[in-house]
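Listed below, chain by chain, are the residues.
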Amino acid sequence: MGDRWLQTQLGNNVNPNGETVSQVGSPDRTDMGIPETRSQPRLNAPNWFNHPFNPSSDRASNFIVEAVDKVGPAVVRINASRRVSRDRFENSLPRDFFNPPRGMRPPGDRFEEGTGSGFILSPDGHILTNSHVVEGTDTVQVILKDGRRYDGRVLGTDSVTDVAVIKIDATDLPIVTIGNSETLSPGEWAIAIGNPLGLDNSVTVGIISATGRSSTDVGVPDKRIGFIQTDAAINPGNSGGPLLNAKGEVIGMNTAIISGAQGLGFAIPINHAQQIAQQLITSGRAEHAYLGIEMVTLTERFRQELQNTQGLPFAIPDTDGVLIVNVVSGSPADLAGLQAGDVILNLDQQTIKTSERVQQIVQSKTVGSILQIEVNRNGSSRILQVKTGNLPSQTTG
């Protein structure tokens, strides 16, 4: 059948020895009104045996393989453990799993162990990972792709952005190439590398589904990040691993999934993660600019809800913008004279339509920056100057 296929497609007789013989009596192309070009074959059959994806070749190659080859050696596994009290340990287990009589309970505390991922930023051992992977841990072990193991030291964690930096004592380590997360567009390739469920050096592929997803959209309102959304599979253990573009450049750090959903993974943009990492390396902590307001985007539906609310301390505005519903006492916003009921129209010379945009502008500033803000107060426009402060612990506004 193979001979028959070649004979039909190529217009040649192929004998059992693989030799081609000109076919006698084959129709001439000029007989069908088609100019004959004798220097070309009658039909170009695909050259399957030289195709780059041919599994019989020594090694298949494509942009994904090249990206993984480039970055893979700099992706690490992180084993972390933290001590927990005996009571907390026992209460976290099913009753039928660990509930012996009190006199038979073994003494001492227990350890929780977890596995995550990370990637090497510098040849001397600075490693970027998620805060939730190493925060509060007693021991951290870093395992390289080549099997080398190091004890890690946590230089700093930032729960607001879920970024952490680990340091290991080593030299001449492989490092990643950093890309630019500001230029991403939905539809671009996305490659995730990590250790999901303890399966080391796993690679998944997808696309950038969206950029700038707010923390509220993702279901982590206590974070201050505009997430990258991807459909590349991200599972427990992928946390802290790199998200790559088609060039093998790191564009994000994998951090979250939505439980029960498929094709919904999220990563911290690398530009933002790097800024936080540099602060952690330098001082062991990160600062975040904040105003100290609670706000909501004014929509027609929200106006209707306000109209049904009794005892509001302010009049319901009829303008578009972002409504300030509360001002934290003693905050930068309070000191600048902002009030509940003000509607933000313009911030840092940018028109404001959504509360997410206000958050993006503020978090892009350093502590101590001066922001000009225009608000509508009871129908009149006012312009104020606000000096950003440092986000207090446990504050999300």
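Residues numbered from 1 in each chain as written. Predicted model: local features only at pLDDT ≥ 70, side-chain atom pairs only at ≥ 80, totals over all residues. Heavy atoms only, no water.

Moving on: a nonpolar patch on the surface. A cluster of nonpolar side chains, contributed by Trp-189, Val-203, Val-205 and Ile-207, occupies part of the molecular surface with about 310 Å² of accessible area. The element that contributes the greatest number of residues to the nonpolar patch is strand β12 (residues 202-213), accounting for 3 residues. You can see Val-203 is positioned in strand β12. On the accessibility criterion, Val-203 (36% relative accessible area) is partly exposed. (Patch = residues over 30% accessible without salt bridge, like charges linked within 9 Å, V, L, I, M, F, W, Y side chains within 5 Å. Areas by Shrake-Rupley, 256 points an atom, 1.4 Å probe, with all protein chains shown as cover. Salt bridge = Lys/Arg side-chain N within 4 Å of Asp/Glu carboxyl O. Helix = DSSP H or I, 4+ residues; strand = E, 2+ residues; numbered from the N terminus. Buried < 20%, exposed > 50% of the residue type's maximum accessible area, 1.4 Å probe, protein only.)

Our focus in this paragraph is the environment of Ala-267. Relative to the assigned elements, Ala-267 resides in strand β16 (residues 265-269). Taking relative accessible area as the criterion, Ala-267 reaches 0% and is therefore assigned buried. Spatially, the C-alpha atoms of Ala-267 and Gly-252 are 5.4 Å apart, while their sequence positions differ by 15 residues. Excluding its chain neighbours within four sequence positions, the residues that come into contact with Ala-267 are Phe-227, Ile-228, Leu-243, Gly-252, Met-253, Asn-254 and Thr-255. (Contact = heavy atoms within 4.5 Å.)

With that settled, consider the packing of aromatic side chains. Working definition: an aromatic ring pair is given by the centre-to-centre distance plus the angle between the planes. The final tally for this structure, using the stated rule, is 2 aromatic pairs. Seen in terms of ring centroids, Phe-63 and Trp-189 are 5.1 Å apart; in terms of plane orientation they differ by 55°. Their pairing is tilted. Of this pair, Phe-63 sits in helix α2 (residues 63-71) while Trp-189 sits in strand β11 (residues 189-194), placing them 126 residues apart in sequence. The class of Phe-63 is partly exposed, set by a relative accessible area of 28%. For Trp-189, a relative accessible area of 44% corresponds to the partly exposed category. Note on Phe-227 and Phe-266: the rings are 6.2 Å apart at their centroids and 75° apart in plane angle, and the pair reads as edge-to-face. (Phe/Tyr/Trp six-rings, centres within 6.5 Å; stacked < 30°, edge-to-face > 60°.)

A few words on unusual backbone geometry. Negative phi characterises most residues that are not glycine, and trans characterises most peptide bonds. Non-glycine residue Asp-162 carries a positive phi angle of around 60°. Locating Asp-162 in the fold gives a position in the loop between β8 (153-158) and β9 (163-167). A relative accessible area of 7% means that Asp-162 is categorised as buried.

With that out of the way, let us pick up helix α9 (residues 355-363). Every buried residue of α9 is accounted for by Ser-355, Val-358, Ile-361 and Val-362. Summarising the axial view, the buried residues of α9 lie within an arc of 120°, below the 170-degree limit, and thus occupy one face. (Arc of directions from axis to C-beta.)

For helix α7 (residues 300-307), the complete set of buried residues consists of Phe-302, Arg-303 and Leu-306. One side of α7 carries all its buried residues, which in axial view fall inside an arc of 105°. Seen from the buried face of α7, the exposed residues on the opposite side, beyond 90 degrees, are Glu-300, Arg-301 and Gln-307. Turning to α7, the residues buried within the fold contact β18 (293-297) and β19 (322-327).

On average, residues of the protein chain carry a pLDDT of 80, and 77% of them reach 70 or more. By mean pLDDT, helix α1 (residues 2-10) is the weakest element of the protein chain at 40, and strand β5 (residues 126-129) is the strongest at 97. Every residue in residues 1-57 is under pLDDT 50, and counting partners more than four places away or in other chains gives 40 contacts. Confidence drops under a pLDDT of 50 for residues 88-106, and excluding neighbours within four residues, the segment shows 10 contacts in the predicted structure. (pLDDT = per-residue confidence, 0-100.)

Another aspect to go through is the pairing of β16. Taken residue by residue, a regular strand's side chains alternate between the two faces of the sheet. Of all 5 residues making up β16, 5 are buried, and the element is well covered by its neighbours. Alignment of strand β13 (residues 227-230) against β16, held across 3 bridges, turns out to be antiparallel. Residue Thr-230 lies in a different strand from β16, and its bridge partner there is Gly-265. As judged from the 5 bridges shared by strand β15 (residues 249-257) and β16, these two strands associate in the antiparallel manner. Paired with Ala-256 across the strands is Phe-266, a residue of β16. (Pairing = 2+ DSSP bridges.)

The next subject is the nonpolar core. Within the largest apolar cluster, 42 residues are counted, with the highest numbers of intra-cluster contacts made by Leu-128, Val-142, Val-163 and Ile-168. Element by element, the count of residues in this core is highest for helix α6 (residues 270-283), at 5 residues. Once residues lying within four places of it in the same chain are set aside, the contact partners of Leu-128 are Gly-118, Phe-119, Leu-121, Val-163, Ala-164, Val-165, Gly-240, Met-253, Ile-270, Ala-273 and Ala-277. If you look at the next biggest cluster of nonpolar residues, it comprises 20 residues, including Leu-291, Val-327, Val-358 and Val-375. (Core = buried A, V, L, I, M, F, W, Y, C linked by side-chain atoms within 4.5 Å.)

Here we take up the environment of Gly-284. Along the chain, Gly-284 falls in the loop between α6 and β17 (289-290). Residue classification places Gly-284 among the partly exposed positions, given a relative accessible area of 28%. If we skip the residues at most four places from it in the chain, Gly-284 touches Leu-155, Gly-156 and Gln-279.

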